[in-house]
Amino acid sequence: MGAGALVAVLLLKGTAYALCLGSLRGGLVFPALFLGAAAGVLLAPLPGLGLVPALAAGMAAATAAALRLPVSSVVLVVLLLGGTAMIPVVILAAVISLVTTELLPKAKAARPA
């Protein structure tokens, strides 16, 4: 039940986030934090990963991918969660997210007719 609700939240909030970004309404940071937190909680049962580190890693990864500012996303997540024990996990998630985002192919802009 809980995993299904988290998947539904991710799908619906992700769709709303994309629509808002497409219509130039809303910001980048806090919806990315929310979606990252939901994805982190969904992946928390993985072996060797607790709830808080998974939450922090998801938030850092989503924010770094959205903003392309890994240091700012690490600082934001550490300040929001208030714990210094998960800083290595947060840094690793932000860097991997940024590298993955940069390596993805860019969409070609449509040429004006």
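Residues numbered from 1 in each chain as written. Predicted model: local features only at pLDDT ≥ 70, side-chain atom pairs only at ≥ 80, totals over all residues. Heavy atoms only, no water.

Asks: Would you mind showing me how to read the packing of helix 3 (residues 51-67) against helix 5 (residues 87-103) here?
Replies: Relative placement of two packed helices is described by the angle separating their axes and the distance separating the axes. The N-to-C vectors of helix 3 and helix 5 enclose an angle of 35 degrees; their axes lie 8 Å apart at closest approach. The handedness of the crossing between helix 3 and helix 5 is right-handed. Within the contact between the two elements, helix 3 uses Pro53, Ala56, Ala57, Ala60, Ala61, Ala64 and Ala65 and helix 5 uses Val89, Val90, Ala93, Ala94, Ser97, Leu98 and Thr101. (Axes fitted to C-alpha atoms, helices over the stretch in contact; angles between N-to-C directions. Helix = DSSP H or I, 4+ residues; strand = E, 2+ residues; numbered from the N terminus. Left-handed = near helix turned anticlockwise from the far one by under 90°. Contact = heavy atoms within 4.5 Å.)

Asks: Looking at this structure, how should I read a nonpolar patch on the surface?
Replies: A cluster of nonpolar side chains, contributed by Ile91, Val95, Val99 and Leu103, occupies part of the molecular surface with about 370 Å² of accessible area. Residue placement: Val99 occurs in helix 5. Classification of Val99 by relative accessible area gives partly exposed; the value is 44%. (Patch = residues over 30% accessible without salt bridge, like charges linked within 9 Å, V, L, I, M, F, W, Y side chains within 5 Å. Areas by Shrake-Rupley, 256 points an atom, 1.4 Å probe, with all protein chains shown as cover. Salt bridge = Lys/Arg side-chain N within 4 Å of Asp/Glu carboxyl O. Buried < 20%, exposed > 50% of the residue type's maximum accessible area, 1.4 Å probe, protein only.)

Asks: I'm lost on the environment of Ala65 in this one. Help?
Replies: If you trace the backbone, Ala65 turns up in helix 3. Looking at Ala65, the relative accessible area reads 26%, which means it is partly exposed. Considered as a pair, Ala65 and Ala94 are 29 residues apart in the sequence and their alpha carbons are 7.8 Å apart. With residues near it in sequence (within four places) discarded, Ala65 still touches Ser97 and Thr101.

Asks: Looking at this structure, how should I read the nonpolar core?
Replies: Considering soluble globular proteins, one finds that nonpolar side chains tend to be buried as a cluster. Of all hydrophobic cores here, the largest spans 13 residues; its most connected members are Ala56, Met59, Ala60, Val74, Val77, Val90 and Ala94. Going through the elements one at a time, helix 2 (29-43), helix 3, helix 4 (70-81) and helix 5 are the ones with two or more residues in this core. When residues of this core are assigned to their parent elements, the largest contribution, 5 residues, is made by helix 3. In this view, Val74 contacts Val90, Ile91 and Ala94; residues no more than four positions away in its chain are not counted. (Core = buried A, V, L, I, M, F, W, Y, C linked by side-chain atoms within 4.5 Å.)

Asks: Looking at this structure, I do not really get helix 4. What am I missing?
Replies: Since the α-helix packs 3.6 residues into each turn, any two residues three or four apart lie on the same face. With 12 residues, helix 4 ought to run about 16 Å at 1.5 Å a step, and its terminal C-alpha atoms sit 16 Å apart, in line with that. Of all the positions in helix 4, only Ser73, Val74, Val77 and Val78 are classed as buried. The buried residues of helix 4 occupy an angular sector of 125 degrees when projected down its axis, which confines them to one face. More than 90 degrees from the buried face of helix 4, the exposed residues found are Val71 and Leu79. In this structure, the buried residues of helix 4 make contact with helix 2, helix 3 and helix 5. One or two residues past the end of helix 4 sits Gly82, with phi positive at roughly 75 degrees. (Expected span 1.5 Å × (residues − 1). Arc of directions from axis to C-beta.)

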